[in-house]
Amino acid sequence: MTTLKTTPGTQANEICHLLGYHYPGDGGGGDFYWDNLSVEANNDGTIIGVTNTSTGRWKRIFSGALHVKWFGAVGDGDTDDTAALQQCLNTAAAVYLDEGDYKITGKLTVSNKAIAISSSPAAFLNKKYLGDHLIHFNACPRVDLSVNLRNSLPAVLKFNDNGIWANIPQFRVEGLEASIFYFTQCGAVNISHCDITAVYASAIFSFVDGFINFTGNYIHDNCFVDTCIQTWGHEAFYLERNKFLNIALMPDSFVIVKDGAELQQSFPSTSYAWQFGQAVGIIGNNFQAKDNHFENISGLSIGADHPAGPGLKKSMILISNNHFVADSDRLKGANPPGFVWVENHQSASVTENRFSYRKRAVGDGQFLLCRFAYARYNEEKPYFEYSRNTYIAADNITDSTGTIAVMTRSNDAVVNIENNKHYAPFSNFIYIDTISAERPCDHLTVQGNDVVCNEFVMGYNAEVFTGNNFFKLPREINIVNNPSVKCTGDFFSQRGEYGDTDLKLNIIGNNIVAAQRIYLLNGSFEATIARNNAPHTAITWDWAVTATRESKVRVMENAALGKVDLISGTQFSLQFIDNLVNEEVNFKNLLIAADIKGNTFQSGVSLRGNVNNAHVVSNIFKNRLLLINVELYKTDITYNVFEGNGLGIYGYDPSSTSLKLNYANFIGNAFITDLIFNAIEFPDFVQYTGLNYITNNTTTNRNNLPPMPVCNRRGNPNLVISPAAGPTADRPTGQPTGLEYLDTTLQKKITWWGTTWKDAAGNNV
């Protein structure tokens with residue numbers, strides 16, 4: 001090229017063949033023609049001015065992209081190619097990086113024009129300086145970029161201490177103000193088939209505004225960055241068919257800078273944890289991530305460009321068909337691998353992804369695989385979906401919060417979590433965040449999931465309850481038709497105090513293979529628990545002292561339940577119908593009304609506290625019904641079958657000191673036993689108010705022994721027992737007119753007429 005710059009052409013259109021830019025065969029050669037009339041500026045690549053010649057230029061004959069070696073780039077890894085690449089970028093609308101390793105020592109810029117940059121698979125950019133950008137694209141209407149980048153690490157890896165968790169000192173890449181590729185106010189940006197490794201920066205790609213396509217790229221190994229891709233205010237971002245591998249794994253040695261001192265660290269002895277290494281950290285309005293592979297990388301942080309106020313743009317997120325893998329011992333991040341944080345969007349769908357966690361990041365904080373957060377300022381109802389995903393975790397991966405977190409802070413957001421396969425036996429599945437007076441969402445539906453976990457749907461309100469400032473739950477939670485759930489903890493649990501809520505909880509049609517409890521919250525609510533198979537799961541509700549509204553609970557048509565404890569401290573009505581219950585049942589303070597019908601109770605049942613307007617009808621009791629410190633008011637215990645090998649209805653218990661019958665009826669029950677007891681036994685301290693009827697009950701002894709009287713108590717004017725049986729000497733006294741008695745001495749039934757006993761013929765007897 002030096003010779004060409006000193007050799008003018010002899011005639012118009014004369015052809016010159018250049019052997020090379022620096023030396024023959026270096027890739028900078030080509031054919032030129034002499035334009036004897038040109039006065040265009042020399043660009044050292046396609047237009048070559050000749051020394052001491054003002055008119056006339058050598059012009060390169062070419063088509064397509066301009067090669068950087070035409071502008072003097074060497075690509076040997078040692079020569080500084082910064083100026084040559086900048087000259088090529090200034091000249092071309094399309095640039096091609098020839099095979100080589102291009103050392104760059106300063107920022108390159110492209111402004112106010114469309115440009116396409118592509119490269120040989122064996123061409124690599126090599127950023128040899130810290131801070132500032134490698135290439136800054138500004139106000140370009142279109143950018144197409146396909147380049148490779150490597151070998152940009154400093155000799156010593158240094159990180160600034162930036163601990164944000166009290167129990168885990170953490171640090172992040174700081175002091176690196178710039179991303180490597182920086183795009184501001186560009187139109188359409190297409191990043192494809194880039195191969196990037198061994199870089200050190202705040203971000204690899206950073207975008208401010210624009211429409212972004214990021215396709216078929218490979219970012220891998222020794223990339224120490226806060227975020228691989230960072231955006232601010234993009235209009236649309238499509239992330240497809242990319243591979244992110246081993247981002248920010250902890251190296252053998254590094255230096256922490258803390259308060260000016262340099263602290264040498266090594267793996268695995270360091271106590272520090274990463275606070276960087278995300279695949280994507282974006283603030284923008286639309287995002288799609290499809291068919292990507294994320295392995296040993298922190299995750300996706302997706303926020304919306306949403307200020308408060310009217311006229312907001314629609315903001316939709318789709319994360320689909322991606323594979324997230326964690327299997328490295330060098331994971332030591334504060335965020336878990338594959339973490340998906342969706343914040344402040346109108347809608348988001350995380351669907352048909354596969355999460356494989358064979359290793360847990362050593363320094364993880366509360367592990368949240370997917371977080372739906374903050375969906376405020378939307379004019380339309382926000383919608384979030386986590387569906388048809390497969391999650392497999394190693395047995396040693398534990399979690400104190402939840403794999404999926406619901407915390408939209410939106411009073412109208414809808415969240416669906418459905419048709420997932422989830423294996424994480426020591427982690428919780430869904431966490432409902434209730435630490436705000438704003439709802440975590442309006443409607444939550446959990447259906448069709450096949451899950452092995454610690455707790456299935458859980459939450460906790462640790463705040464102090466004060467007056468009516470209760471912490472809102474979703475308006476409706478539907479946990480329905482989950483084909484298999486196996487929990488070591490609770491199936492549903494909301495711990496803490498909630499006061500008055502408008503929650504409607506539906507737990508319907510689930511196959512609960514194992515779980516400790518369905519634990520209803522401390523507050524007012526409505527719940528339907530129906531058509532579940534939960535043979536080992538307890539239903540528990542033990543207080544609601546901060547609630548003033550009525551609570552309604554329906555437990556219906558469950559094929560199998562474990563223990564049941566419904567112990568209320570507030571206004572409470574109950575429908576408990578057509579269930580099979582394997583373990584003991586405790587009902588306390590059924591203050592408004594209760595229908596207990598058509599159930600089969602395999603173990604004992606107790607009524608405690610105040611039971612008002614209850615109907616215990618057509619049940620099968622395989623054991624006894626205990627009345628323990630209870631007042632039965634207008635309560636009917638009728639047409640039940642008691643098959644227990646012992647007492648049917650029993651008023652004794654070591655803790656029992658009172659039993660009140662106030663218009664209570666025991667009618668039409670059948671008692672079947674192998675032993676000789678009264679079917680109904682009341683202690684001496686029973687108080688009878690109003691008329692209490694024990695009528696039309698039957699007793700059968702399986703051993704064909706003579707039946708005992710139905711009840712051990714007779715002779716109280718407030719206790720009507722009919723029919724009763726016994727000898728003439730034991731006829732009851734003080735009974736209401738119409739009482740029937742089977743006189744075994746006379747061997748016939750007689751009736752009390754108020755002053756005398758008469759037989760069926762009207763004779764005094």
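Model, not experiment: these values are computed from the prediction.

Some details on the overall build of the protein chain
Phase 1 of the analysis: Regarding its fold elements, the protein chain presents 1 helix and 80 strands.
Phase 2 of the analysis: Counting across all 765 residues of the protein chain, residues that qualify as buried make up 56%.
Phase 3 of the analysis: Once local pairs closer than 6 in sequence are excluded, the contacts in the protein chain between residues at least 24 apart make up 63%.

Notes on the sheet that holds strand 3 (residues 47-49)
Backbone-to-backbone hydrogen bonds pair the strands of a sheet. The strands run either parallel or antiparallel.
Phase 1 of the analysis: The sheet built from 4 strands is open, its strands ordered 1-2-4-3 with antiparallel pairing. In this open sheet, the two edge strands, each paired with only one partner strand, are strand 1 (15-18) and strand 3. Here the strands of the sheet are splayed against their neighbours by 30° on average, with no regard to which way each runs.
Phase 2 of the analysis: With 3 bridges connecting them, strand 3 and strand 4 (residues 57-60) associate as antiparallel partners. Across the sheet, Ile47 pairs through a bridge with Lys59, a residue of strand 4.

Brief notes about the pairing of strand 13 (residues 142-145)
Look at any regular strand and the pattern is simple: side chains alternate between the two faces of the sheet.
Phase 1 of the analysis: Burial along strand 13 is one-sided: Val143 and Leu145 are buried, while Arg142 and Asp144, pointing the other way, are not.
Phase 2 of the analysis: Direction of pairing for strand 10 (residues 115-119) relative to strand 13: parallel, over a ladder of 3 bridges. When the bridges of strand 13 are listed, Ile115 appears paired with Val143.
Phase 3 of the analysis: By the bridge criterion, 4 bridges tie strand 13 to strand 18 (residues 188-192) in an arrangement that is parallel. Across the sheet, the residue bridging to Leu145 is Ile191, located in strand 18.

Description of the packing of aromatic side chains
Phase 1 of the analysis: This model, assessed by the stated rule, comprises 26 aromatic pairs.
Phase 2 of the analysis: Where Phe137 meets Phe183, the ring centres are 4.7 Å apart and the plane angle is 5°; that geometry is what we call stacked. Taken together, the residues span a long stretch of sequence, with Phe137 in strand 12 (residues 135-138) and Phe183 in strand 17 (residues 179-184) at a distance of 46 residues. Take Phe137 and Phe183: they sit in the same class, and that class is buried.
Phase 3 of the analysis: Centre to centre, the rings of Phe205 and Phe207 are 6.4 Å apart; their planes meet at 10°, and the pair counts as stacked.

Some details on the pattern of salt bridges
Phase 1 of the analysis: Enumeration according to the criterion identifies 18 salt bridges in this entry.
Phase 2 of the analysis: Note that Asp490 and Arg517 form a salt bridge whose closest N and O atoms lie 2.8 Å from each other. Of the two residues, Asp490 is situated in the loop between strand 47 (484-487) and strand 48 (492-508) and Arg517 in strand 50 (residues 517-519); the sequence distance between them amounts to 27 residues.
Phase 3 of the analysis: The network of salt bridges with shared partners includes Asp35, Glu40 and Lys59.

Regarding the environment of Val199
Phase 1 of the analysis: In this fold, Val199 is placed in strand 19 (residues 195-208).
Phase 2 of the analysis: For the pair formed by Val199 and His220, sequence separation is 21 residues and the distance between their alpha carbons is 9.5 Å.
Phase 3 of the analysis: Val199 has contacts with Leu149, Ser152, Leu153, Ile180, Ile204, Asn222, Cys223, Phe224 and Val225, leaving out every residue within four places of it along the chain.

Structural notes on the nonpolar core
One recurring pattern in soluble globular proteins is that nonpolar side chains are buried together.
Phase 1 of the analysis: If you look at the biggest cluster of nonpolar residues, it comprises 161 residues, and the most contacted ones within it are Phe181 and Phe205.
Phase 2 of the analysis: Looking at this core element by element, the count peaks at 6 residues for strand 19.
Phase 3 of the analysis: Within the second largest apolar cluster, 9 residues are counted, among which are Met1, Leu4, Tyr21 and Val50.

Re the confidence of the model for the protein chain
Phase 1 of the analysis: Across the protein chain, the average pLDDT comes to 85, with 87% of residues at 70 or higher.
Phase 2 of the analysis: Segment residues 362-367 is flagged for pLDDT under 50; beyond a separation of four residues in sequence, or across chains, it makes 28 contacts in the model.

As for the side chain of Ser179
Phase 1 of the analysis: With respect to the helices and strands, the residue Ser179 is situated in strand 17.
Phase 2 of the analysis: Residue classification places Ser179 among the buried positions, given a relative accessible area of 4%.

Some details on the environment of Tyr383
Phase 1 of the analysis: Considering the arrangement of structural elements, one finds Tyr383 in strand 37 (residues 383-387).
Phase 2 of the analysis: Residue classification places Tyr383 among the partly exposed positions, given a relative accessible area of 30%.
Phase 3 of the analysis: Each C-alpha atom of the pair Tyr383 and Gln346 lies 6.4 Å from the other, and the pair is 37 residues apart in sequence.
Phase 4 of the analysis: Ignoring any residue separated from it by four or fewer positions in sequence, one finds Tyr383 in contact with Gln346, Ser347, Ala348, Val414 and Asn416.
Phase 5 of the analysis: A polar atom in the side chain of Tyr383 sits 3.1 Å from the side chain of Asn416.

Some words on the side chain of Asn242
Phase 1 of the analysis: The residue Asn242 is located in the loop between strand 22 (236-240) and strand 23 (243-247) in this model.
Phase 2 of the analysis: Here Asn242 falls in the buried class, since its relative accessible area comes to 2%.
Phase 3 of the analysis: Polar contacts involving the side chain of Asn242 include one to the main-chain carbonyl oxygen of Phe214, which spans 2.8 Å.
Phase 4 of the analysis: Not counting the four nearest positions on each side in its chain, Asn242 is found in contact with Phe214, Thr215, Gly216, Asn217, Asp291, Asn292 and His293.

With respect to a nonpolar patch on the surface
Phase 1 of the analysis: Among the surface-exposed residues, Ile676, Leu705 and Met708 lie close enough to one another that they form a single nonpolar patch of about 230 Å² accessible area.
Phase 2 of the analysis: Here Ile676 is to be found in the loop between strand 71 (670-673) and strand 72 (680-681).
Phase 3 of the analysis: The class of Ile676 is partly exposed, set by a relative accessible area of 44%.

Things to note about unusual backbone geometry
Phase 1 of the analysis: One non-glycine residue, Asn321, adopts positive backbone phi at about 60°.
Phase 2 of the analysis: Along the chain, Asn321 turns up in the loop between strand 31 (316-320) and strand 32 (323-326).
Phase 3 of the analysis: With a phi angle near 60°, Gln747 is a residue other than glycine that sits in the positive phi range.
Phase 4 of the analysis: With respect to the helices and strands, the residue Gln747 is situated in the loop between strand 78 (740-743) and strand 79 (748-752).
Phase 5 of the analysis: Note on Gln747: relative accessible area 70%, which makes it exposed.

A closer look at the pairing of strand 22
Phase 1 of the analysis: Judged from the 5 bridges that link them, strand 20 (residues 211-215) and strand 22 form a sheet pairing that is parallel. Directly across from Asn213, in strand 22, lies its bridge partner Tyr238.
Phase 2 of the analysis: Bridge count between strand 22 and strand 28 (residues 286-290): 4 bridges; the pairing is parallel. Looking across to strand 28, one finds that Glu240 is bridged to Lys290.

Notes on the state of the cysteines
Phase 1 of the analysis: For the structure shown, the criterion picks out 0 disulfides.
Phase 2 of the analysis: A disulfide-free cysteine, Cys228 has its sulfur positioned 6.1 Å from the sulfur of Cys223, the nearest such atom.
Phase 3 of the analysis: By relative accessible area, which is 0% here, Cys228 ends up buried.
Phase 4 of the analysis: As a non-bridged cysteine, Cys453 has Cys487 as the owner of its nearest cysteine sulfur, 3.8 Å distant.

Analysis parameters
Residues numbered from 1 in each chain as written. Predicted model: local features only at pLDDT ≥ 70, side-chain atom pairs only at ≥ 80, totals over all residues. Heavy atoms only, no water. Helix = DSSP H or I, 4+ residues; strand = E, 2+ residues; numbered from the N terminus. Buried < 20%, exposed > 50% of the residue type's maximum accessible area, 1.4 Å probe, protein only. Contact = heavy atoms within 4.5 Å. Pairing = 2+ DSSP bridges. Axes fitted to C-alpha atoms, helices over the stretch in contact; angles between N-to-C directions. Phe/Tyr/Trp six-rings, centres within 6.5 Å; stacked < 30°, edge-to-face > 60°. Salt bridge = Lys/Arg side-chain N within 4 Å of Asp/Glu carboxyl O. Core = buried A, V, L, I, M, F, W, Y, C linked by side-chain atoms within 4.5 Å. pLDDT = per-residue confidence, 0-100. Polar contact = N/O pair within 3.5 Å; in protein donor to acceptor, adjacent residues only side chain to side chain. Patch = residues over 30% accessible without salt bridge, like charges linked within 9 Å, V, L, I, M, F, W, Y side chains within 5 Å. Areas by Shrake-Rupley, 256 points an atom, 1.4 Å probe, with all protein chains shown as cover. Disulfide = S-S within 2.5 Å.

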